[in-house]
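Breakdown of the fold
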Amino acid sequence: MVTFELQPHSQGQRHKTNVAKAWMRLFFGRIGDKMPDSLAINLPSYLDNRIIYGYLKDDLVQRKEQPICYSQFCRIMNKDFPDVFIPKVTLSDIKVKCNVAHKVSLDHVVQLGL
């Protein structure tokens, strides 16, 4: 469960929107990787919006708070968190990492004389 504090809300915003934004701000700060040369925060590549929304929804229901709907969650992501990204991992990225890991392990075997 994520523990967070609510920011004072601007006029017209609903309570559950403020709760969701506070939860998202803390969640991104905890699991995101802050880029040193920009404001960008990269989230782990295994996440997507539906998974994050599921975490938010489960956490808020557990706290007996009413969660926002998925479409509102997506609007908040785009409007209030434009610097939060989920990097795309392609098959070629995986192949490169596997090839590098394989080469490193082979080099290690050669160094050990096995």
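The following paragraphs examine the structure supplied in this document.

Reading the values: rules and limits
Residues numbered from 1 in each chain as written. Predicted model: local features only at pLDDT ≥ 70, side-chain atom pairs only at ≥ 80, totals over all residues. Heavy atoms only, no water. Helix = DSSP H or I, 4+ residues; strand = E, 2+ residues; numbered from the N terminus. Phe/Tyr/Trp six-rings, centres within 6.5 Å; stacked < 30°, edge-to-face > 60°. Buried < 20%, exposed > 50% of the residue type's maximum accessible area, 1.4 Å probe, protein only. Salt bridge = Lys/Arg side-chain N within 4 Å of Asp/Glu carboxyl O. Core = buried A, V, L, I, M, F, W, Y, C linked by side-chain atoms within 4.5 Å. Contact = heavy atoms within 4.5 Å. Pairing = 2+ DSSP bridges.

1. Brief notes about unusual backbone geometry
Trans is the common state for peptide bonds, and a negative phi is the common state for residues other than glycine. Phi is positive for K64, close to 65 degrees, though the residue is something other than glycine. Looking at the element boundaries, K64 is found in the loop between α2 (49–62) and α3 (70–80).

2. Here's the deal with the packing of aromatic side chains
Between two aromatic rings, the relevant description is the distance of the centres plus the angle of the planes. Counted according to the given criterion, the structure contains seven aromatic pairs. Residues F28 and F81 carry aromatic rings whose centres are separated by 5.2 Å and whose planes lie at 80 degrees to one another, so their mutual orientation is edge-to-face. With F28 in helix α1 (residues 15–31) and F81 in the loop between α3 and β3 (84–85), the pair connects residues that are 53 residues apart, well separated along the chain. Summarising the burial analysis for this pair, F28 and F81 share the class buried. Relative to Y70, the ring of Y53 lies with its centre 5.5 Å away and its plane at 75 degrees, an arrangement referred to as edge-to-face. One end of the pair, Y53, is in helix α2; the other, Y70, is in helix α3, with 17 residues separating them in the sequence. By relative accessible area, Y70 is classed as partly exposed at 23%. Each member of the aromatic cluster is reached from another via a ring pair, and the members are W23, F27, F28, Y55 and F81.

3. Concerning the pattern of salt bridges
Note that side chains of opposite charge can pair when their charged atoms are close. For the structure on display, the rule yields one salt bridge. Notably, a salt bridge pairs K21 with D80, separated by 3.2 Å at the nearest N-O pair. Remark: D80 occurs in helix α3 and K21 occurs in helix α1; sequence separation between them is 59 residues. Taking the relative accessible area as the measure of exposure, K21 reaches 11% and is therefore buried.

4. Structural notes on the nonpolar core
By size, the foremost hydrophobic cluster in this structure holds 20 residues, and its most contacted members are W23, M24, F28, L43, I52, L56 and F73. Breaking this core down by element, the ones donating at least two residues are α1, α2 and α3. Per-element accounting of this core gives the leading share, six residues, to α1. Leaving out residues up to four positions away in the same chain, I52 has contacts with W23, F27, F28, L43, L47, F73 and I86.

5. Looking at the sheet that holds strand β1 (residues 33–34)
Pairing in this open sheet of three strands is mixed, and the strands run β1-β2-β3 from one edge to the other. Both edges of this open sheet fall to β1 and β3, since each of them pairs with a single strand only. Sheet topology note: the β1/strand β2 (residues 41–42) ladder contains two bridges and is antiparallel. Residue D33 lies in a different strand from β2, and its bridge partner there is N42.

In short, shape yes, function no, at least from these values alone.
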